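A structural walkthrough
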Number of protein chains: 2
Amino acid sequence: MTLPQQLRTNALLTEARLRQLLSETVADAPPRLAEAMRYAVLGSGKRFRPFLVIESAGLFGLAPEAALQVAAAVELVHCYSLVHDDLPAMDDDELRRGRPTVHIAFDEATAILAGDALLTFAFEVLAHPDAHPEAIVRCELALGLARAAGPSGMAGGQQLDLDAERLPRLDAQDLDRVRDIQERKTGALIAFSAKAGAILAAAPPDERRALAEFGRLLGAAFQVADDLLDAEGAAAAVGKATGKDAAAGKATYVSVLGVEGARERLCRLQNEAISMLERFGGRAGMLRQAVRYVSTRTS
Amino acid sequence: MTLPQQLRTNALLTEARLRQLLSETVADAPPRLAEAMRYAVLGSGKRFRPFLVIESAGLFGLAPEAALQVAAAVELVHCYSLVHDDLPAMDDDELRRGRPTVHIAFDEATAILAGDALLTFAFEVLAHPDAHPEAIVRCELALGLARAAGPSGMAGGQQLDLDAERLPRLDAQDLDRVRDIQERKTGALIAFSAKAGAILAAAPPDERRALAEFGRLLGAAFQVADDLLDAEGAAAAVGKATGKDAAAGKATYVSVLGVEGARERLCRLQNEAISMLERFGGRAGMLRQAVRYVSTRTS
């Protein structure tokens, strides 16, 4: 199977599981809240993080079915973060994946609550026996996801990103800061997604570390590619306003390194990420392709 | 020990554990975010939910130390909900426990992120081995907390509460709706707190059910008392604006039942709650006092 086919297959499996979880388990939620949660999660998105969960689990011989609950939980957290990041008090975006953002389609209070509910629901999904038969594995997954998404991870990255807007324009000496922001904001959840398969398979520590480091490098490459896309891409292709980060004075790799410097950095990160997969041999073919994919995607 | 003494002791223990968790584990978070989280959690609050966790665990012979991590996790969730409920797009409150709310003391984006981070951190605290040596118990606690706080629980209750403001004034026929809102918004987390001790002690199903039902009734009594306090209390005593719920057209027991009807309901709920404690005999003396306490507190 080619990477686009595999991405599509995994996305369909993830979508089906998310749809099932959001209809069955949330059946008792207020209709407006349930509707906003489904709007935020279903029907769009590349499901790149679920892809990583499923493929990393596949390295250890686990079938997609064994990883789907965890893949869904990670995507719920990703979607919550998008809903809250889009809020007027945050990035103030009215368009996401070519559709009105949740606070536009519903209202601000509902968007805040839908994000809160999606985040909370992700931990219900992870703590449920459907995630893995062993409770110790479920706890390790919940601990890992909480750390990746919490104050030292994704939420912290968003805070630093907002703080950076208030600071004077960045120069090359701020590279460490840009990297710190992006490793938290985007990298932490991608790194957890790549590591999740090793946790699900109870893999030995060195293999977990290799996958976590792979995920960290892939997440960084993903962010550099995203910054390049924002600086160069066409609005129609990505379905959201472009050049917006630069206009907002946001800390990006392009603003610090320039376009050529960012391209070089992307290439190096991709090579380093691929080197982390060596020990997995031919089984890691799809993940290798995924590394290349981050610099070729147009949305 | 009297109830006020026990409340104070448990509150001090909880405060110390929260302070430790928020300084050690969140040491790597951005300073502004960590500061907002500490501001939202430390230094005030009655710690009524932690009291219930510690006392319900005590029914089964567990020392406070064995329940503190769970008590802290529940309080983190409670504090996150206050931060988000106070936001301009939600209840738009500028004062909480006599101090400026988080979005006033910091800013709106930081308040949203601090709430998100506290909620996420609660699950890190619960999934950590410090919460309980057995992973299956930690998973059950995480599952229970997620359900109590999530779309069918607390977040759903807040959504229904906001929806109710848009509806015409309530009358007696809306009692079921008021009860549904309050059982989710306040009751679910209080019920989980009371049940948590039984989960921590791996108590048999009938004792878990009795404590969960006790918690549900106590939570309802708590809310009726809160509505009476809001309708009758003095602003200075409760440290927040009073009569505000009525002004906002919010669904409350007093608006539906009147003051006398609400008082009668409170009394009945208290008696029913106490009857759930019968099987625990003299060990439940402190929880019995707590039931009476909800109608005598002035803040």
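Residue indices follow the written sequence of each chain, beginning from 1 at its first position. Just so you know, chain letters begin at A and ligand numbers begin at 1, following the order they were written in. With the structure being a predicted model, the display of local features is reserved for residues of pLDDT at least 70 and the display and counting of side-chain atom pairs for 80 or more, all residues being used for whole-chain, interface and lining totals.

Right, let's talk about the overall build of chain A for a bit. A tally of regular secondary structure across chain A gives 14 helices and two strands. Since a compact globule built from 299 residues should have a radius of gyration of about 19 Å, the 18 Å found for chain A is in line with a globular shape. Considered along the principal axes of its C-alpha atoms, chain A spans approximately 50 × 50 × 35 Å. We call two residues in contact if the C-beta atoms placed from their backbones are at most 7 Å apart. Long-range contacts, defined as pairs at least 24 residues apart, comprise 72% of the intrachain contacts of chain A with a sequence gap of at least 6. The numbering of helices and of strands both runs from the N terminus, where a helix is a DSSP run of H or I of at least 4 residues and a strand a run of E of at least 2. Radius of gyration here is computed from C-alpha atoms only, and the compact-globule reference equals 2.2 Å multiplied by the residue count raised to the power 0.38.

Looking now at the relation of the copies chain A and chain B. When the copies are overlaid, the least-squares fit takes in C-alpha atoms only where the residue has pLDDT of at least 70 in both copies. Of the two same-sequence chains, chain A is brought onto chain B (RMSD 0.0 Å, axial shift 0.0 Å) by a rotation of 180 degrees. Taken together, the rotation and translation relating the two chain copies correspond to the operation of a two-fold axis. Distance from the rotation axis, computed per C-alpha, reaches its smallest value in chain A at Ala135(A): 2.7 Å. In this assembly the copies share their binding face: 100% of the residues contributing to the interface of chain A also contribute to that of chain B.

What follows covers the interface of chain A and chain B. Contacts between the two partners involve 45 residues from chain A, matched on the other side by 45 residues from chain B. In this classification, Asp, Glu, Lys and Arg are treated as charged, Ala, Val, Leu, Ile, Met, Phe, Trp, Tyr, Cys and Pro as nonpolar, and every other residue, Gly included, as polar. Split by residue class, the side of chain A that touches chain B holds 28 nonpolar, nine polar and eight charged.

Attention now goes to unusual backbone geometry. All names here are of chain A. Even without being a glycine, Asp-92 presents a positive backbone phi close to 55 degrees. Within the element layout of this structure, Asp-92 appears in the loop between α4 (64–85) and β1 (95–96). A tally of 14 C-beta atoms within 10 Å means that Asp-92 is categorised as partly exposed. The exposure scheme places C-beta atoms from the backbone and then counts, for each residue, the other C-beta atoms within 10 Å of its own, assigning buried at 20 or more, exposed at 12 or fewer, and partly exposed in between.

Our next topic: helix α9 (residues 175–200) of chain B. Residues and elements named next belong to chain B. Here a helix's expected span is defined as the number of its residues, less one, multiplied by 1.5 Å. Compared with an ideal rise of 1.5 Å per residue, which puts 26 residues at 38 Å, α9 spans 35 Å between its outermost C-alpha atoms and is within 8% of the ideal. Across the chain, bend at a residue is computed as the angle between axes fitted to the seven residues ending at that point and the seven starting from it. Where α9 bends most, at Gly-187, the angle is about 55 degrees. Of all 26 residues making up α9, 20 are buried, and the element is well covered by its neighbours. Following α9 by one or two positions, Ala-202 has its phi on the positive side, about 50 degrees.

Below, the discussion takes up the packing of helix α6 (residues 108–127) of chain A against helix α6 (residues 108–127) of chain B. The angle between two axes is taken between their N-to-C directions and runs from 0 to 180 degrees, where each axis is a line fitted to C-alpha atoms and a helix contributes only its stretch in contact. Between α6(A) and α6(B), whose axes approach to 10 Å, the crossing angle comes to 15 degrees. The angle between α6(A) and α6(B) places the two elements in the roughly parallel class. In the packing of α6(A) onto α6(B), the handedness of the crossing is right-handed. Of α6(B), the residues touching α6(A) (which contributes Ile112(A), Asp116(A), Leu119(A), Thr120(A) and Phe123(A)) are Ile112(B), Asp116(B), Leu119(B), Thr120(B) and Phe123(B). Put simply, angles under 35 degrees are roughly parallel, angles over 145 are roughly antiparallel, angles from 65 to 115 are roughly perpendicular, and the rest are oblique. Helix crossings are classified by the rotation of the near helix relative to the far one: an anticlockwise turn of less than a right angle makes the crossing left-handed, while a clockwise turn makes it right-handed.

Attention shifts here to the packing of helix α4 (residues 64–85) of chain B against α9(B). All names here are of chain B. Across the interface, α4 lies against α9 with an axial gap of 11 Å and an inter-helix angle of 165 degrees. Judged by the inter-axis angle, α4 sits roughly antiparallel to α9. Seen from above, α4 lies across α9 with right-handed handedness. Packed against α4, whose contacting residues are Ala-66, Ala-67, Val-70, Val-74, Val-77 and His-78, the element α9 presents Leu-189, Ser-193, Ala-196, Gly-197 and Leu-200 at the interface.

This part covers the environment of Val26(B). If you trace the backbone, Val26(B) turns up in the loop between α1 (3–24) and α2 (31–41). Under the C-beta neighbour-count criterion, Val26(B) is labelled buried, with 21 such atoms within 10 Å. As a C-alpha pair, Val26(B) and Ala273(B) span 247 residues in sequence and 38 Å in three-dimensional space. Those residues in contact with Val26(B) that sit more than four places away from it in its chain are Pro151(A), Ser152(A), Ala34(B) and Met37(B).

The next point concerns the environment of His128(B). Residues and elements named next belong to chain B. Inspection of the secondary structure assignment puts His-128 in the loop between α6 and α7 (135–149). His-128 gets classed as partly exposed once you count the C-beta atoms within 10 Å, which come to 19. A C-alpha to C-alpha distance of 37 Å links His-128 and Asp-227, two positions 99 residues apart in sequence.

Here the focus is the environment of Val70(A). All names here are of chain A. Positionally, Val-70 belongs in helix α4. Sequence separation between Val-70 and Glu-183 is 113 residues, and the spatial gap between their C-alpha atoms is 21 Å. When near neighbours in sequence (up to four residues on either side) are disregarded, Val-70 contacts Val-53, Leu-126, Ala-131, Leu-141, Ala-196 and Leu-200.

Attention now goes to the confidence of the model for chain A. In predicted models, pLDDT denotes the confidence assigned by the predictor to each residue on a 0 to 100 scale. Summary statistics for chain A give a mean pLDDT of 90 and a share of 90% for residues scoring 70 or more. In the predicted complex, the global pTM is 0.93; the interface-specific ipTM is 0.93.

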